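# Summary of the model geometry
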Amino acid sequence: MIYPSILERKYNEYSPFVKRLAETVKSTLLNFCESKGYAFTSRIKTVESLAEKIETGRFKKWSDLDDLFACTIIIPTLSHEEEVIQFCNNTFKNIRTVKRGQNKKAPDIFRFDSTRIYAQIKKIDALNPDNELSIYNITFEIQIKSAFEHAWSVSTHDLVYKSSEIDWKRLRLAAQIKANVEQLDTLILAFEQTSLIIQENNYPDIKIKRKLATEINKLFENGKIPNELQPKDMNRFCDNLYRLAVDAKKENNIPEIIEKLKTEIHSTSLKKFPRSISLFQYFFAILIRNKIIEIPIKNYHCHITEELTTLYPDIQIDNDFIFLYSEDS
């Protein structure tokens, strides 16, 4: 496709500034996203895509174009959206915001509806006049999508919109998938309330892990274990503790394990509580020293550190059953 020379000239004139703009915005938003654990994507509009946008007839002049550079912040759930909007508003000059659900949409219509922020880089000083081309007077777009929305977008876009055929069935299927995406986002936002109506199942492993979590949480709440030893993920902690019992063929001894841990902890003052090892290592040491669990355990590799062996020199495990930090360990 051949583009009018005026479009190419204008595009090439702006291109160096758009690239500098992209580098600046990406640097700022990537740092933010990495600190929050959000995903991030970006793109600079091609001349072909720009021509198609102008040919929609929706734009009166060049300065109306607002996504020569565009990026997407992908959040885990929609509950994180306001935080992202606030950061963008504090960091950039907000030209306008189109929030999710702001545009009128019939209840039986399912289409792209993510929040978009149109912004410019804030001027550091008055040395850049508004009528002079610079990175400060180019508007760019920030889309905010949930992980489900992003998956729908990247999965269906090429299948539907890059096809050489205009197919009602493809468009219908994409809309149906989008309806599922909206439902998933709604369920995540109402996760706590929705989980209450799920019928309980008397699955034994879950009952055991819940009992472990309940008793460990009580020890923290009662000040029997220092707060700094609180596991980052109690579910994972209880999974690991239960797996230790299962691998040691002691899954039927969970009540005994719980009582022995509680007895040892209640008899230990906070001042004497070992803080140089993890809570799991401490529990492991208690169970080994009291012969509730015997080592070695088949196909189980123990996390033994110098701190653990210094505190409990009576724990002796063959290297074949120890997690190794290097081949020479």
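Please read all numbers here as calculations on a predicted model, not as lab measurements.

Thresholds, definitions, all that
- Residues numbered from 1 in each chain as written.
- Predicted model: local features only at pLDDT ≥ 70, side-chain atom pairs only at ≥ 80, totals over all residues.
- Heavy atoms only, no water.
- Patch = residues over 30% accessible without salt bridge, like charges linked within 9 Å, V, L, I, M, F, W, Y side chains within 5 Å.
- Areas by Shrake-Rupley, 256 points an atom, 1.4 Å probe, with all protein chains shown as cover.
- Salt bridge = Lys/Arg side-chain N within 4 Å of Asp/Glu carboxyl O.
- Lys, Arg positive; Asp, Glu negative; His and termini not counted.
- Charge placed at Lys NZ, Arg CZ, Asp CG, Glu CD.
- Helix = DSSP H or I, 4+ residues; strand = E, 2+ residues; numbered from the N terminus.
- Buried < 20%, exposed > 50% of the residue type's maximum accessible area, 1.4 Å probe, protein only.
- Pairing = 2+ DSSP bridges.
- Axes fitted to C-alpha atoms, helices over the stretch in contact; angles between N-to-C directions.
- Contact = heavy atoms within 4.5 Å.
- Polar contact = N/O pair within 3.5 Å; in protein donor to acceptor, adjacent residues only side chain to side chain.
- 1 Å grid on protein atoms, 1.4 Å probe; cavity = no way out; pocket = protein on both sides within 12 Å on 5 of 7 lines; lining within 4 Å.
- Points joined across faces, edges and corners; volume = space filled by probe spheres on them.
- Core = buried A, V, L, I, M, F, W, Y, C linked by side-chain atoms within 4.5 Å.
- Parallel < 35°, antiparallel > 145°, perpendicular 65-115°, else oblique.
- Left-handed = near helix turned anticlockwise from the far one by under 90°.
- Nonpolar A, V, L, I, M, F, W, Y, C, P; charged D, E, K, R; others polar.

### A closer look at a negative patch on the surface
- Together, Glu8, Glu48, Glu52 and Glu55 make up a region of like negative charge exposed at the surface.
- Relative to the elements of secondary structure, Glu48 occurs in helix α2 (residues 47-54).
- Judged by relative accessible area, which is 39%, Glu48 ranks as partly exposed.

### Some remarks on the sheet that holds strand β4 (residues 115-120)
- Spatially, the 5 strands line up as an open sheet ordered β1-β2-β5-β4-β3, and their pairing is mixed. Lying at the two open borders of the sheet, with one neighbouring strand each, are β1 (39-44) and β3 (93-98). For this sheet the average axis-to-axis angle between neighbouring strands, irrespective of direction, equals 20 degrees.
- Relative to strand β2 (residues 69-75), β1 runs antiparallel, the two sharing 6 bridges. Counted as the bridge partner of Arg43 is Ala70 from β2.
- The strands touched by helix α1 (residues 5-36) within the sheet are β1, β2 and β5 (140-146), with β1 carrying the most contacts at an inclination of about 175 degrees.

### What about the side chain of Asp67?
- In this fold, Asp67 is placed in the loop between α2 and β2.
- Beyond its immediate chain neighbours, meaning those up to four positions away, Asp67 contacts Arg43, Lys45, Lys53, Thr139 and Glu141.

### What to know about the pattern of salt bridges
- According to the stated counting rule, one finds 20 salt bridges in the structure shown.
- A salt bridge links Glu182 to Lys178; the shortest N-O distance between them is 3.3 Å. Of the two residues, Glu182 and Lys178 are both situated in helix α5 (residues 168-189); the distance of 4 residues between them amounts to about one turn of the helix.
- The class of Glu182 is partly exposed, set by a relative accessible area of 25%.

### Let's talk about the side chain of Arg116
- Summarising the element assignment, Arg116 is placed in strand β4.
- It turns out Arg116 is buried and unbridged, and the closest side chain with the opposite charge, Glu141, is 4.6 Å from it.
- A polar contact of 2.6 Å, which involves the side chain of Arg116, links it to the backbone oxygen of Ser114.

### Looking at the layout of surface pockets
- Each pocket or cavity is described by its volume, and for the largest pocket that value is around 1,300 Å³.
- Taken together, 33 residues line the largest pocket, and the ones lying closest to its centre are Arg43, Lys45, Asp67, Gln143 and His157.
- Among the secondary structure elements, those contributing two or more residues to the lining of the largest pocket are β1, α2, β2, β4, β5 and α4 (147-161).
- Counting residues per element, the lining of the largest pocket draws most heavily on α4, which supplies 8 residues.

### Looking at the nonpolar core
- Core analysis: the largest hydrophobic core is formed by 43 residues, its most contacted members being Ile216, Leu279, Tyr282 and Phe283.
- Within the residue set of this core, elements represented by two or more residues are α7 (204-221), α8 (234-247), α9 (254-266) and α10 (279-289).
- Broken down by element, the residue count for this core peaks at 9 residues, all from α10.
- In contact with Phe283, not counting residues within four places along its chain, are Ile216, Phe237, Leu241, Leu261 and Ile265.
- Residues Leu7, Cys33, Trp62 and Ile75 belong to the second largest nonpolar core, which totals 36 residues.

### Describing the environment of Glu83
- Inspection of the secondary structure puts Glu83 in helix α3 (residues 81-91).
- A relative accessible area of 32% means that Glu83 is categorised as partly exposed.
- Each C-alpha atom of the pair Glu83 and Asn180 lies 25 Å from the other, and the pair is 97 residues apart in sequence.
- If we ignore the near neighbours within four places in the chain, the residues touching Glu83 are Lys36 and Tyr38.
- A polar contact is formed between the side chain of Glu83 and the side chain of Tyr38, at a distance of 2.7 Å.

### Remarks on the packing of α8 against α10
- Remark: α8 packs on α10, axes separated minimally by 11 Å, with the N-to-C direction vectors making an angle of 25 degrees. As the angle between them shows, α8 and α10 are arranged roughly parallel. Like other packed secondary-structure pairs, α8 and α10 cross with a definite hand, here right-handed. Between α8, through Phe237, Asn240, Leu241 and Leu244, and α10, the contact on the second element is made entirely by Leu279, Phe280, Phe283, Phe284 and Leu287.
- Looking at the contact of α8 with α10 residue by residue, the classes come out as 8 nonpolar, 1 polar and no charged.

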